[in-house]
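Take a look at the letters that make up each chain.
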Amino acid sequence: MTLAIDARGLGKVFGAGALAFRALDAVDFQVTPGELVMLVGPSGSGKTTLLSILGCVLTATEGELRLFGERVSGRPERELPLLRRALIGFVFQGHNLIGALSARDNVRLVLESRGTTAHAARAEADALLAAVGLADKRDRLPAELSGGQRQRVAIARALAGAPPLVLADEPTAALDAHAGLEVTELLTRMCRERGTTVVVVTHDNRIFHLADRIVHIEDGRIVDGRLSGVAA
Ligand SMILES: Nc1ncnc2c1ncn2[C@@H]1O[C@H](COP(=O)(O)OP(=O)(O)OP(=O)(O)O)[C@@H](O)[C@H]1O
Ligand SMILES: [Mg+2]
């Protein structure tokens, strides 16, 4: 079986010399296609760093990373945006929507950047916004939406173009318990329907039951939650 994520011995050192800081140390992290993994750990443990490397935003200083069999580590940095566009949708803690654009245009922009024609992008954006329950809000600006609604737009945007991997960094952090659970349920349902592989960084134990597996990270190391049955 080709793994969705196959990271072996990943390390990340920020800075150099006396200022060098090791944020990740010999991380092995494997995720099967369609799996939904939650990554948990204390503040500063390396969750965002790991997610950023998986998302082809940061490069590791050591180790090997393959996404769906495609080698990521060792590629020139200029090729990373291409891989990112082809493979990955992101949901951020602070939604990161473009404030001057409507919900629809935020989603459309991603599709058009992937080469979808304007007409098709508009139709797909509307379908995605309907799927997240925001058909009536598609012309609203992010500032005119509630926190939960903004995260729904962010989910629609992350799923636009049907990337096989969705990475979410504390998507419920800005929400109350009820909205946080609702948004995570939506994200997991849509990803399961599409067979999308998902990694969610979270502190929120109220959403743990939605995961197939919980992986714990401490001081840049995975301490629990390795995939069973995958040879090291
Ligand atoms: N660009 C950087 N330069 C130097 N150190 C960094 C950089 N980015 C992160 N770090 C350090 O790496 C460690 C891990 O950071 P990271 O953001 O991955 O933690 P986290 O687990 O996501 O924490 P939180 O739960 O607070 O978001 C921290 O000690 C942080 O200070
Ligand atoms: Mg973080």
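An account of the accompanying structure is given in this report.

What counts and how
Residues numbered from 1 in each chain as written. Chains lettered and ligands numbered in written order. Predicted model: local features only at pLDDT ≥ 70, side-chain atom pairs only at ≥ 80, totals over all residues. Heavy atoms only, no water. Salt bridge = Lys/Arg side-chain N within 4 Å of Asp/Glu carboxyl O. Helix = DSSP H or I, 4+ residues; strand = E, 2+ residues; numbered from the N terminus. Buried < 20%, exposed > 50% of the residue type's maximum accessible area, 1.4 Å probe, protein only. Axes fitted to C-alpha atoms, helices over the stretch in contact; angles between N-to-C directions. Parallel < 35°, antiparallel > 145°, perpendicular 65-115°, else oblique. Left-handed = near helix turned anticlockwise from the far one by under 90°. Contact = heavy atoms within 4.5 Å. Nonpolar A, V, L, I, M, F, W, Y, C, P; charged D, E, K, R; others polar.

Throughout the structure, instances matching the rule amount to 18 salt bridges. Two residues, Arg213 and Glu35, come together in a salt bridge whose shortest N-O distance is 2.8 Å. One end of the pair, Arg213, is in strand 9 (residues 213–218); the other, Glu35, is in the loop between strand 2 (21–31) and strand 3 (36–40), and 178 residues separate them in sequence. In this pair, the class of Arg213 matches that of Glu35, namely buried. By sharing partners, the salt bridges in this structure join Arg104, Asp126, Arg138 and Asp139 into a single network.

Turning our eyes to something else, we now look at the packing of helix 5 (residues 147–159) against helix 6 (residues 177–194). Here helix 5 crosses helix 6 at 15°, and the two axes come no closer than 10 Å. In terms of orientation, helix 5 lies roughly parallel with respect to helix 6. At the point where helix 5 passes helix 6, the crossing takes the right-handed sense. For the pair formed by helix 5 and helix 6, the contact residues are Gly148, Gln151, Arg152, Ile155 and Leu159 on the first element and Glu182, Val183, Leu186, Leu187, Met190 and Cys191 on the second. Looking at the contact of helix 5 with helix 6, its residues break down into seven nonpolar, two polar and two charged.

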